[in-house]
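Spelled out, the chains give:
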Amino acid sequence: MANRVLSLLIVCQVLYSTIAFGSVLDIEKEDEEFSEELLLKPLPDRKVLAHFHFQSTAPPSTSFGRHHHLFPKPISQLVKKFRVKEMELSFTQGRWRYEQWGGFDPISSNNAKPPGVELWAVFDVPQSQVDASWKNLTHALSGLFCASINFLESSTTYSSPELAFRPDLGNLRYGTLPREAVCTENLTPWLKLLPCRDKAGLSALMDRPSIYRGFYHSQRLHLTLTGSGLEELDSGIVLEQTLTVVLQPSSWRTGKSYVDKAHSQPSWSISSIFGRKVGGKCVLAKSSNVYLQFEKGLVGELKNLQKENANPETNKLASKVFLSNLSFDLSVNPDKVFEEVDDFHSKSTSILYEFSVEKYNGSHPLDLGLTWKIPVVWSCQQAPLHASRFLMGSGNERGAIAIYLRSTELSEGLKKSDIVDQSCELRVNVFQVVPWYIKVYYHTLQVFVNQQSRAVADIMEKIHVSPSKDKTSPGVMELILKFPCGLESAALNLEFDKGFLHIDEYPPDANQGFDIPAAVISYPDFHASMHFSEDGSLDKSPMFSKFQEKSLVLSYTEILLVPLTTPDFSMPYNVITITCTVFALYFGSLLNVLQKRVGEEERFLKNNAGRKTGRLSQLLSKFSTKLRGKPREPQPSTAVSSSFVSFKLILKILLVAGIAICWQYYFG
Amino acid sequence: MADKNPQEAAASPESMRTTEPGLKRLFLTLSVLFSFILGFPFLWKSVEIYRSEISLMETNPSLSFPFHFQALFFNFNPDLNPHHLKLSILDQITKLTSDSPPQCGTNNNLTTLSVTLHSNKSHCTHDTNFYPCGANAISAVDFDSADEDVDELLSSVFRGKNIYTVAVVNGGGDGIRVVVGKYRHAWIVGGFDFEEEEDLASRVAEIFVKVFVNGGRDQGLIHGEFMPVGADGRIVLSFNLLNAEPNDWVYDWDFQRIDESVLAPIMEVLGPIANISVESQVLYHTPKSSFSYWDEKQNSYIFNTKDLPFFVNSNEWHLDTSIAAGGRSKILQFVVYVPSAKECPLRLQLPNGEISKTNGFISPMWGGAIVLNPRSCLKDFESKQPQRHIMSPEDLQEVFEVFLGQFRQLFGLKSDNIYVGESGTFHLLPSERGFTEWELDVLSRQHTCFNLHSCVTTLESLSRLVQSLPRMIIMDEIGKQVQLSLEAAKLAQSNASQGVYESSAVSSRQARSLAEDAFFHPSIMSVSYYSFEHCFAVYSPFFLPVLMHVLLAAVREWRRYKKEKAKYLAWKKIK
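None of the values given here were measured: they were computed from a predicted structure.

A. Inspection of the overall build of chain A at higher detail. For chain A, the count of helices and strands is 17 helices and 28 strands. The burial tally for chain A puts 47% of its 668 residues in the buried class. For chain A, long-range pairs separated by at least 24 residues make up 76% of all intrachain contacts whose partners lie at least 6 apart in sequence. In the form shown here, chain A has an accessible surface area of approximately 33600 Å², with 58% of it arising from carbon and sulfur atoms.

Quick look at the structure:
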């Protein structure tokens, strides 16, 4: 017995000592770290996705926000000053094509962003101070990134979602600027936060003209506080900077063997899409890798093609490692190959090639190239529903917003597999912010399922609406919808009136129209995550550990452009001038009347008639007779002529008035 | 017709009239005209822009601080007259202060001086003074011991008093040795002849004026009006370690330790002058933007003082700390530049051809930079990974000693401990906390001066701005802030003349920040776009036609009245 107790004690001690030792080591070892990764992925529509992922981490320390070695000091100061718990800022140009580029993988659900600027932040401050913190944060970010993020300061532009947009985060504020133009002046400050900026490493690939020539460009900054967060000293930061670009490879080494040009994938290399090569890693990076991913659909298609072409022995070999040279060529041999571990048990899984940049340097750069030998056609994995949004109605008075959800292959698959299960349902969250001058009538919400009108209560699980207040807050609508699995299409319809703005509130380009920010459609029952081989070597990679996290599948709809009635901006001046003229006329005639002497003037006229008329009037009458082509008549007496003239005059005025009325009637 | 009476003919309506012309219409038109003209001031008043009264009295920024000096003479001939000595010292002080800048100077009316003469242990003469004879007398023997001990001893005698003391000890060595202590004391030890009274007085006066009053600074090094303190009384010291080419070698430092051991005491000492915070970062890929050339003789790469303006590469060096500092804090950048292997030992050549010992330079109001050469400039071409170094504590100590010197220079103080005056060299005892007490006195006086000066210049430029833009709206708040600022400035002046340094510094800071508040008030940006041209364009469609009517009517009516009156008069004459 005593022996047993002793041994237990020893075990405990050993355990304790190892734990203590471990913690000491941890404290000493933990340092600021930086890593860089690039993921390349061919897309079905002959384009290439390049996804840069840079991650800087700062461990919890007492000198947080004051002394830094690798981590960008401005960011940590920002976090410390405004007590930001989590924040995401994205600058995007172009629209993510969910149908062609996929909607169910971690990249599309994390990095597909609405055009313009999107910012959301969670604060670790009391409820009453959140708005003030948000305002200060927008100003600080605006200075840091050379963008007009400070326009998000106004309470009409941001909202605090509760249900449908990241509901578990607490003091969240969300704002978008759909019309913000994104260009290099935003990229440069973003690059400044990297220790190597674009001087070395993977970021040196970012050749501005080739990046901005792309179809989609989204630069994102996401930071989270790690650690318990209870005490200020106890939290580190993880700063994740990603740049996602979709580029069109120029027809590099045009394929001779291709017959069908439309289906042929273009061959590309890093130097052909970026115009530069990877000349070594950033020396400060802990890891620096380039990955090439072939997604599920493509791998499946390639396997099919191989089955057709090759004999079964080679096929067996190829399916194991997938280094087939039959359908494509890689210019560089990969260091490692990973295969996705799939929960769905589908027939094919995506494949990942790893290229470590460590081996390469300036004289021996990495130029990864992919050459297709045979045409391949495949499609990307889709989100359960495809969402689009459009405007209905015409005129400047009222209209309607419609959100249209259409089923994709995935939900069709669901429908088939779960058809036995009667209680199968598809949950959809909709988060929609509408500016105050679009006065949405929330009671007009209509739901159509499979083109048939349904009662809203049947579909709705939860709804949270905060109506807009004029000039103070935007309207926010958050819906949690519950659709049956056999859904083919669904439509939500909301009517609105267009409001009037004060003349000062119109932007300089008022006639262009006003933007309604993108709605966020998310599917709470679906999570996108990617797990690669079990050996765990990819776990160290920050990008793939990010991909492994279950991220909510969400998609953004289009931005709507609503034309509002624009006033004639010169109107105030016109009013002033017209009123003044009328007043002047009135004054003038009043004075004239007041000083007029009727008797004297008549006498004067009589005298004038008796006298010889002036030379000028003689000349005038001669001229008029010549025009009329009649012999000159002796001048009639003045009294007769005056009455005659006045009659003629009235006739003329009547004629002009008649023409004006007709004109107004027919052409006005 | 021929037989018509000429009189009657003349009485025709063209030339004559029988009745007096009526005044009714003339009166009407004229009254309309006058009411119109009378209405103009009202209109003018209605389109006037609100401008608060800004009372900008002519402020005189000159400050005068009172100084209390005492001179102690030991082992001197009892025949020496303390009063005579005092007069000659005062005379010298006046002479020396007369050529110093007028502001922030001594005021001779407020300067007090006491002279005590210890001829030997028994005999002592003094005039009205702070250190009377016999009270804890200091024997001359004390001055033979080490400087630090003497300093401590003197400070224990005069602790807590705001008096600058110079002790002159006769005897001892051959030469004359002048030491200025860490507190408010200095002493002169040497053999003096009795005829050298004048010389003695000038020495004592020089210590008083050049060291204790002016802080021993060289004229023209940094203009005394500038203090690197923000308007909110804050300084942010931003330390940056720049690795020009991390592919060659990467240097890192343990800044946390330096912050605690070296910088914290300095921050504490400077507390009354400014609220200092420290931050640091390490940056990479930060080449300098000036050129350097290889010098065989020095066996190193050389950059000249001429290149210094281009040394700081503001494109690549992202030194800004705008978020933490915010507001109107002053940021001082301190940069350690680690050159790349291509330019490895990199040295600064002074204009006289020598190599700078510190290998660094300062830029007033910006900060300082040091070039830190790695111990070995050979790059290890074999290894792919760059060499990683953590700066050794010795290196750091060295670097921060230079930084401290630069920091002192940025404040306008001397970075070495020798002052060469007209009457020989003075040894200045350095303080372990960076700044000695008399230097802090100088700084706080200078700070007060600087604040008041910048307050006055800000208000002056505000008034110039206000005068130059007559259509600018000025809110009451601005007027109030200006008022308060002026009051605070006045308070600072009066406090300064009473010798209360702290409260004078506080109110001067307040004056400056209020002045800046007024100048940067958001409403001052709302220059009214309702300009005079605009006003004219809006009102002219009304006033021009109406005025034309009114004027024409008045003129016509007036002319007609004159004509008719003449006719009537003509008729009257004939009649």
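B. Molecular detail of the environment of Gly143(A). On the secondary structure map, Gly143(A) appears in helix 5 (residues 130-145). Residues Gly143(A) and Pro189(A), spaced 46 residues apart in sequence, show a C-alpha to C-alpha distance of 9.7 Å.

C. Layout of the state of the cysteines. All names here are of chain A. Overall, the coordinates contain one disulfide over all chains when judged by the stated rule. Between the sulfur atoms of Cys196 and its disulfide mate Cys282 the distance is 1.9 Å. Residues Cys196 and Cys282 share a disulfide whose torsion about the S-S bond is about 75°; that sign makes it right-handed. Remark: Cys282 occurs in the loop between helix 8 (270-274) and strand 11 (288-294) and Cys196 occurs in the loop between helix 6 (184-192) and helix 7 (208-212); sequence separation between them is 86 residues. Here the two residues Cys196 and Cys282 agree in accessibility, since each one is buried. Left without a disulfide partner, Cys183 is nearest to the cysteine sulfur of Cys146, which lies 12 Å away.

D. Summary view of the interface of chain B and chain A. Chain B puts 45 residues into the contact, and the matching count from chain A is 42 residues. Of the roughly 3900 Å² buried between chain B and chain A on both sides combined, carbon and sulfur atoms contribute 54%. With a shortest N-O distance of 2.6 Å, Glu316(B) and Arg197(A) are connected by a salt bridge. Taken together, the connections running from chain B to chain A amount to 16 residue pairs in polar contact (both at pLDDT 80 or more). Mapped by element, the contributors of at least two residues to the side of chain B that touches chain A are helix 2 (24-46), strand 10 (249-252), helix 6 (255-269), strand 11 (275-284), helix 8 (322-325) and helix 13 (532-574) of chain B. Top contributing element to the side of chain B that touches chain A by residue count: helix 13 of chain B, with 12 residues.

E. Fine view of the environment of Tyr291(A). Residues and elements named next belong to chain A. Its place among the elements puts Tyr291 in strand 11. Measuring from C-alpha to C-alpha, the distance between Tyr291 and Phe123 comes to 35 Å, with 168 residues separating the pair along the chain. The residues touching Tyr291, leaving out its near neighbours within four places in the chain, are Glu37, Leu38, Leu39, Leu40, Leu352, Tyr353, Glu354, Leu538, Ser541, Met543 and Phe544. A polar contact is formed between the side chain of Tyr291 and the side chain of Asn289, at a distance of 3.3 Å.

F. Broad picture of the sheet that holds strand 13 (residues 336-341) of chain A. Residue and element names in this part refer to chain A. The strand order 6-7-5-4-8-9-2-1-11-14-13-26 describes an open sheet built from 12 strands, whose pairing is mixed. The open sheet has two edge strands with one neighbour each: strand 6 (158-159) and strand 26 (531-532). Strands in contact with helix 5 are strand 4 (84-93), strand 5 (116-123), strand 6, strand 7 (172-177) and strand 8 (216-225); relative to strand 5, the strand with the most contacts, it is inclined by about 135°.

G. Inspection of the nonpolar core at higher detail. Residue and element names in this part refer to chain A. Leu40 and Met87 are the most contacted members of the largest nonpolar core, which totals 130 residues. Counting contributing residues per domain, this core is built from domain 1 (55-248) and domain 2 (250-381), each supplying no fewer than three. Excluding its chain neighbours within four sequence positions, the residues that come into contact with Leu40 are Val48, Leu49, Ala50, Trp268, Ile270, Ile273, Phe274, Val290, Tyr291, Leu292, Gln293 and Leu368. Val440, Ile459, Met477 and Leu492 belong to the second largest nonpolar core, which has 44 residues in total.

H. Representation of empty space enclosed by the protein. All names here are of chain B. Summed over all chains, the structure comprises eight cavities of 30 Å³ or more. In this structure, the largest cavity occupies an estimated 70 Å³ of space. Together, Leu237, Phe239, Val262, Leu263, Ile266, Phe334, Phe400, Phe403, Leu404 and Phe407 line the largest cavity. Broken down by element, the lining of the largest cavity gets its largest block of residues, four residues, from helix 9 (residues 393-410). When grouped by side-chain class, the residues that make up the lining of the largest cavity number 10 nonpolar, no polar and no charged.

I. Looking closely at the packing of aromatic side chains. In the structure shown here, the tally under the stated rule is 52 aromatic pairs over all chains. Here Trp134(A) and Tyr158(A) contribute two aromatic rings whose centre-to-centre distance is 5.4 Å and whose plane-to-plane angle is 45°, an arrangement assigned as tilted. Pair noted here: Trp134(A) is in helix 5 and Tyr158(A) is in strand 6, with a separation of 24 residues, a long-range link. The class of Tyr158(A) is buried, set by a relative accessible area of 8%. Here Trp253(B) and Phe255(B) contribute two aromatic rings whose centre-to-centre distance is 5.0 Å and whose plane-to-plane angle is 55°, an arrangement assigned as tilted. Assessed through its relative accessible area of 2%, Trp253(B) is described here as buried. Ring-pair connections join several aromatic residues into one group, and the members of that group are Phe239(B), Trp253(B), Phe255(B), Phe334(B), Phe400(B), Phe403(B), Phe407(B), Phe411(B) and Phe435(B). One Lys or Arg, Lys47(A), reaches over the ring of Phe215(A) and ends 4.3 Å from the middle of that ring. One Lys or Arg, Arg408(B), reaches over the ring of Phe435(B) and ends 5.7 Å from the middle of that ring.

J. Spatial organisation of the UniProt feature "transmembrane region" (unreviewed entry) in chain A. Residue and element names in this part refer to chain A. Mapped onto the present numbering, the UniProt feature "transmembrane region" (unreviewed entry) falls on residues 573-594 and 649-667. Here residues 573-594 runs as 100% helix and 0% strand, with 31 Å between its end C-alpha atoms. The annotated region residues 649-667 carries 100% helix and 0% strand content, and the separation between its end C-alpha atoms amounts to 27 Å.

K. Structural view of the UniProt feature "transmembrane region" (unreviewed entry) in chain B. Residues and elements named next belong to chain B. Feature annotation in UniProt assigns "transmembrane region" (unreviewed entry) to the following positions: residues 26-44 and 536-555. Counting secondary structure, residues 26-44 comes out at 100% helix and 0% strand; the distance between its end C-alpha atoms is 28 Å. Segment residues 536-555 splits into 100% helix and 0% strand. End C-alpha atoms: 25 Å apart.

L. View of the domain arrangement of chain A. All names here are of chain A. Each assigned domain of chain A is listed here: domain 1 (55-248), domain 2 (250-381) and domain 3 (385-562). At the interface, 12 residues of domain 2 touch 13 residues of domain 3. Taken over both partners, the interface formed by domain 2 and domain 3 buries close to 1100 Å², and the fraction arising from carbon and sulfur atoms is 61%. Among the residues of domain 2 in contact with domain 3, Tyr291, Phe338 and Val341 are the three that bury the most area, contributing 41% of the side total. The interface formed by domain 2 and domain 3 holds zero salt bridges in total. Run the count over domain 2 and domain 3 and you get zero residue pairs in polar contact (both at pLDDT 80 or more). Residue assignment for the side of domain 2 that touches domain 3 shows that the elements contributing at least two residues are strand 11, strand 13 and strand 14 (351-356).

M. View of unusual backbone geometry. A positive phi angle, near 65°, is found at Arg46(A), a position not held by glycine. On the secondary structure map, Arg46(A) appears in the loop between strand 1 (33-43) and strand 2 (47-58). Positive phi values are uncommon outside glycine, yet Asn299(B) reaches one of about 55°. Residue position: Asn299(B) is located in the loop between strand 12 (293-295) and strand 13 (300-304).

Rules behind the numbers
- Residues numbered from 1 in each chain as written.
- Chains lettered and ligands numbered in written order.
- Predicted model: local features only at pLDDT ≥ 70, side-chain atom pairs only at ≥ 80, totals over all residues.
- Heavy atoms only, no water.
- Helix = DSSP H or I, 4+ residues; strand = E, 2+ residues; numbered from the N terminus.
- Buried < 20%, exposed > 50% of the residue type's maximum accessible area, 1.4 Å probe, protein only.
- Contact = heavy atoms within 4.5 Å.
- Areas by Shrake-Rupley, 256 points an atom, 1.4 Å probe, with all protein chains shown as cover.
- Disulfide = S-S within 2.5 Å.
- Buried area = accessible area lost by both parts, 1.4 Å probe.
- Salt bridge = Lys/Arg side-chain N within 4 Å of Asp/Glu carboxyl O.
- Polar contact = N/O pair within 3.5 Å; in protein donor to acceptor, adjacent residues only side chain to side chain.
- Pairing = 2+ DSSP bridges.
- Axes fitted to C-alpha atoms, helices over the stretch in contact; angles between N-to-C directions.
- Core = buried A, V, L, I, M, F, W, Y, C linked by side-chain atoms within 4.5 Å.
- Domains from an automatic or database assignment.
- 1 Å grid on protein atoms, 1.4 Å probe; cavity = no way out; pocket = protein on both sides within 12 Å on 5 of 7 lines; lining within 4 Å.
- Points joined across faces, edges and corners; volume = space filled by probe spheres on them.
- Nonpolar A, V, L, I, M, F, W, Y, C, P; charged D, E, K, R; others polar.
- Phe/Tyr/Trp six-rings, centres within 6.5 Å; stacked < 30°, edge-to-face > 60°.
- Lys NZ or Arg CZ within 6 Å of the ring centre and 35° of its normal.
- UniProt positions renumbered as here; feature names shortened; annotations may be inferred.

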